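A look at the structure
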Amino acid sequence: MKYIFSLQFIYLIASMTYILGLKMLGKPETARKGNLIAAAGMTMAILGTIFFYQGEVPSFIYILIATAIVIGTILGWMIAKKVAMTKMPELVSLFNGMGGASAALIGLIEFEHYTGKTMSIATIVAGIIIGSISFSGSMIAWAKLNGTLKKPLRLPKYNILNNLIIIVLILFATFIAWSGTDSQLFLYVLFFGALAYGVLFVLPIGGADMPVVISLLNSFTGLAAALGGFLYGNMVMLTGGILVGSAGTILTFAMCDAMNRSLVNVIFGSFGSSGDVSASDGASETMKGSIKKTTVSDAAILMNYSQRIIIVPGYGLAVAQAQHAIHELEQLLASKGIEVKYAIHPVAGRMPGHMNVLLAETNVDYDKLAEMEDVNPEFKNTDVVFVVGANDVVNPAAHTNPSSPIFGMPILEVENAKNIIINKRSMNPGYAGIENELFYNQKTSMLFGDAKSVIQSLISELKGM
Amino acid sequence: MTQLIEFISDNIQMIYIVVLMIFVGVEIIGHVPAVLHTPLMSGANAIHGVVIIGAILVLLGVNPENYLGQALGFVAVLLGTLNVVGGFVVTDRMLEMFKKKK
């Protein structure tokens, strides 16, 4: 009795650390501490579960658990520490998938112990479906962000097909729960069906929307964990799971908001499918203008004689690992008495806040990172805007072309600046797969090349001036 | 139907917690600057690693003869640990960078 009480008390504390931790993660000053507090709570809950367990357990089971935890800790730690900052978004997706798979496996094992108990089986099969979707979906999202899977793949009538599959899965799950069957075959059919659905669910969604998808799958895993909590009457799983489920859902909507898209639009999206075609059609009609190329030395001269420069970093900067180079350029320009700022679009890069994380890594002064709303009025007083590897977030089509898939998305209004220098590797369209009329603007000059080497040559040019 | 009503009255405390936690989750996320969306998502990602507790409970309760169950349970604990450890470490790494201003 005393033991059970102690465990419940530990769970209560752990639940509090999750709430407190998430709350603190919402403020820059307390965020890091918040994360550590939640981690401490989690450690307590895990150790408590093992040491206060009531019942006869053969010792080899303890060895099994310890081995799994030790291997998982070493592996998780190494992956999390080794992977480059630019790969962060896909890493979150990967770990999210692990949690989903864990939840699904729990369901697979526990199924046979609850035969005949309709509500428990319903909880189990729901956990299997959600966990499996979260796992396979996260793996696809991971592959997409990784660049392994490039293009959105669409089966014919994929929306109808996908909806049909999920309806069949739910009906089948209901049947399993209702009929009281103990068939392992049915269970595994359900498991693999849900895995397949997760793949089909994420495959058609474009890479630009992956952050939203990851956030959504994140809340799915939370839900799956909570279902496990319901099954065992385990409070800490319940609170942690539901907390992430609900917070994750709100976060998903916040991300959609930042891109001015609805969640329905993202999932069943027109992005790419209908939008792509009409946008590129429209583009080829209106964008017959010519682009103007520039050289590193011309760009350096232009910058050298400017008073205000705004840098717009995008994913291209991250891919080229050019964050240190851009910081050096910024300091060099500042030392020449030029006012330099970074304009950060909320969804620049692959995830909201991705650019801030990257630039913070290089010790860029926090005050120099300007948010979109604050910086937009400043463009008209800016001599040079230097766009590095960003595309969709500066595409004026969001304001001017109602047929564009990104129409209505808030953008950085760089077209108001006096000069625009755009660094890109090639003329390929951005992640949304649409043309950008900004490139054909009279004030725009294109500086082609890998972001890092271009910036480094800019630096050496500027140093000689 | 009776089973459903029975289920609800048996579990009314847990249903309370679910409902209240939904509100807590919604409240916590309101007004978070976009800058912190990624770390926040990553932190939440680590917290749902709490599913590992379920995986541990499975292994603790599994029949010593059930080898498939043990194997799956082992994998479940391993994956859950990856979720927890990887999730918290990645979040910390992201936030470490925010801190270093001056």
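Residues numbered from 1 in each chain as written. Chains lettered and ligands numbered in written order. Predicted model: local features only at pLDDT ≥ 70, side-chain atom pairs only at ≥ 80, totals over all residues. Heavy atoms only, no water.

1. Points about the overall build of chain B
- Along chain B, the regular secondary structure elements total 5 helices and 0 strands.
- Listed by position from the N terminus, the elements making up chain B come as α-α-α-α-α.
- Here chain B has a C-alpha radius of gyration of 19 Å; the compact-globule value for 102 residues is 13 Å, and the former is much larger.
- Each of the three principal axes of chain B carries a C-alpha extent, and together these read 60 × 35 × 15 Å.
- Here chain B holds 102 residues, and 63% of them are scored as buried.
- Sequence-distant contacts, at least 24 apart, represent 66% of the contacts inside chain B between residues at least 6 apart.
- As displayed, chain B offers around 4300 Å² of accessible surface, 67% of which is attributable to carbon and sulfur atoms. (Helix = DSSP H or I, 4+ residues; strand = E, 2+ residues; numbered from the N terminus. Rg over C-alpha atoms; globule rule 2.2 N^0.38 Å. Buried < 20%, exposed > 50% of the residue type's maximum accessible area, 1.4 Å probe, protein only. Contact = heavy atoms within 4.5 Å. Areas by Shrake-Rupley, 256 points an atom, 1.4 Å probe, with all protein chains shown as cover.)

2. Quick word on empty space enclosed by the protein
- Applying the stated criterion to the full structure yields 7 cavities of 30 Å³ or more.
- Here the largest cavity is characterised by a volume of approximately 90 Å³.
- Taken together, Ala 103, Ile 106, Gly 107, Thr 123, Ile 124, Gly 127, Ile 128, Ala 224, Leu 227, Gly 228 and Leu 231 of chain A together with Val 51 of chain B make up the lining of the largest cavity.
- Of the residues that constitute the lining of the largest cavity, the class distribution is 8 nonpolar, 4 polar and no charged. (1 Å grid on protein atoms, 1.4 Å probe; cavity = no way out; pocket = protein on both sides within 12 Å on 5 of 7 lines; lining within 4 Å. Points joined across faces, edges and corners; volume = space filled by probe spheres on them. Nonpolar A, V, L, I, M, F, W, Y, C, P; charged D, E, K, R; others polar.)

3. Notes on the interface of chain B and chain A
- The partner chain A presents 104 residues to the 82 residues of chain B that form the contact.
- Here chain B and chain A share an interface that buries about 8500 Å² over both sides, 79% of which is from carbon and sulfur atoms.
- Considering only the surface of chain B that becomes buried against chain A, Met 41, Leu 60 and Arg 93 of chain B emerge as the three largest contributors, covering 9% of it.
- Inspection of the chain B/chain A interface yields 1 salt bridge.
- The salt bridge partner of Arg 32 of chain A is Asp 92 of chain B, with a shortest N-O separation of 2.9 Å.
- Here chain B and chain A share 15 residue pairs in polar contact (both at pLDDT 80 or more) between them.
- Within the residue set of the side of chain B that touches chain A, elements represented by two or more residues are helix H1 (2–10), helix H2 (12–29), helix H3 (37–47), helix H4 (51–61) and helix H5 (67–99) of chain B.
- For the side of chain B that touches chain A, the per-class residue count stands at 53 nonpolar, 22 polar and 7 charged. (Buried area = accessible area lost by both parts, 1.4 Å probe. Salt bridge = Lys/Arg side-chain N within 4 Å of Asp/Glu carboxyl O. Polar contact = N/O pair within 3.5 Å; in protein donor to acceptor, adjacent residues only side chain to side chain.)

4. With respect to the side chain of His 345 of chain A
Residue and element names in this part refer to chain A.
- On the secondary structure map, His 345 appears in the loop between strand E2 (339–344) and helix H15 (354–361).
- Within the structure, the side chain of His 345 is placed 2.6 Å from the backbone oxygen of Pro 410, a separation counted as a polar contact.
- Setting aside residues up to four positions removed in sequence, His 345 forms contacts with Ala 258, Met 372, Val 393, Met 409, Pro 410, Ile 411 and Leu 412.

5. Some points on the pattern of salt bridges
All names here are of chain A.
- One pass over the structure, following the stated rule, counts 6 salt bridges over all chains.
- A salt bridge links Glu 339 to Arg 308; its shortest N-O distance comes to 3.9 Å. Taken together, the residues span a long stretch of sequence, with Glu 339 in strand E2 and Arg 308 in strand E1 (residues 308–313) at a distance of 31 residues.
- On the basis of relative accessible area, Arg 308 is assigned to the partly exposed category, the value being 31%.

6. Regarding the nonpolar core
- Of all hydrophobic cores here, the largest spans 190 residues; its most connected members are Tyr 18, Ile 326, Phe 386 and Ile 455 of chain A.
- It is H5 of chain B that contributes the most residues to this core, 14 residues altogether.
- In this structure, this core is formed jointly by two domains, domain 1 (1–31) and domain 2 (36–102) of chain B, each of which donates at least three residues.
- Those residues in contact with Tyr 18 of chain A that lie beyond four places of it in its chain are Ala 38, Gly 41, Met 42, Ala 45, Val 236, Gly 240 and Leu 243 of chain A together with Ile 47 and Val 50 of chain B. (Core = buried A, V, L, I, M, F, W, Y, C linked by side-chain atoms within 4.5 Å. Domains from an automatic or database assignment.)

7. Structural notes on unusual backbone geometry
Residues and elements named next belong to chain A.
- In this model, Gln 321 sits at a positive phi of 55°, which is unusual for a non-glycine residue.
- You can see Gln 321 is positioned in the loop between helix H13 (315–319) and helix H14 (323–335).
- Phi at Asn 363 takes a positive value of approximately 70°, unusual for a residue other than glycine.
- Along the chain, Asn 363 falls in the loop between H15 and strand E3 (369–371).

8. A look at the pairing of E2 of chain A
Residue and element names in this part refer to chain A.
- When you tally the buried positions in E2, you get 5 out of 6 residues, the bulk of the element.
- Sheet analysis places E1 next to E2, joined by 4 bridges and oriented parallel. Looking across to E2, one finds that Ile 311 is bridged to Tyr 342.
- Of the strand pairs in this sheet, E2 and E3 are connected by 3 bridges, and their pairing is parallel. Across the sheet, residue Ile 344 finds its bridge partner in E3, namely Glu 371. (Pairing = 2+ DSSP bridges.)

9. Section: the UniProt feature "transmembrane region" (unreviewed entry) in chain B
Residue and element names in this part refer to chain B.
- When the UniProt feature table is mapped onto this chain numbering, "transmembrane region" (unreviewed entry) sits at residues 12–36, 43–62 and 68–91.
- Annotation note: span residues 12–36, helix share 72%, strand share 0%, distance between end C-alpha atoms 35 Å.
- Counted over residues 68–91, helix gives 100% and strand 0%. Its end C-alpha atoms are 34 Å apart. (UniProt positions renumbered as here; feature names shortened; annotations may be inferred.)

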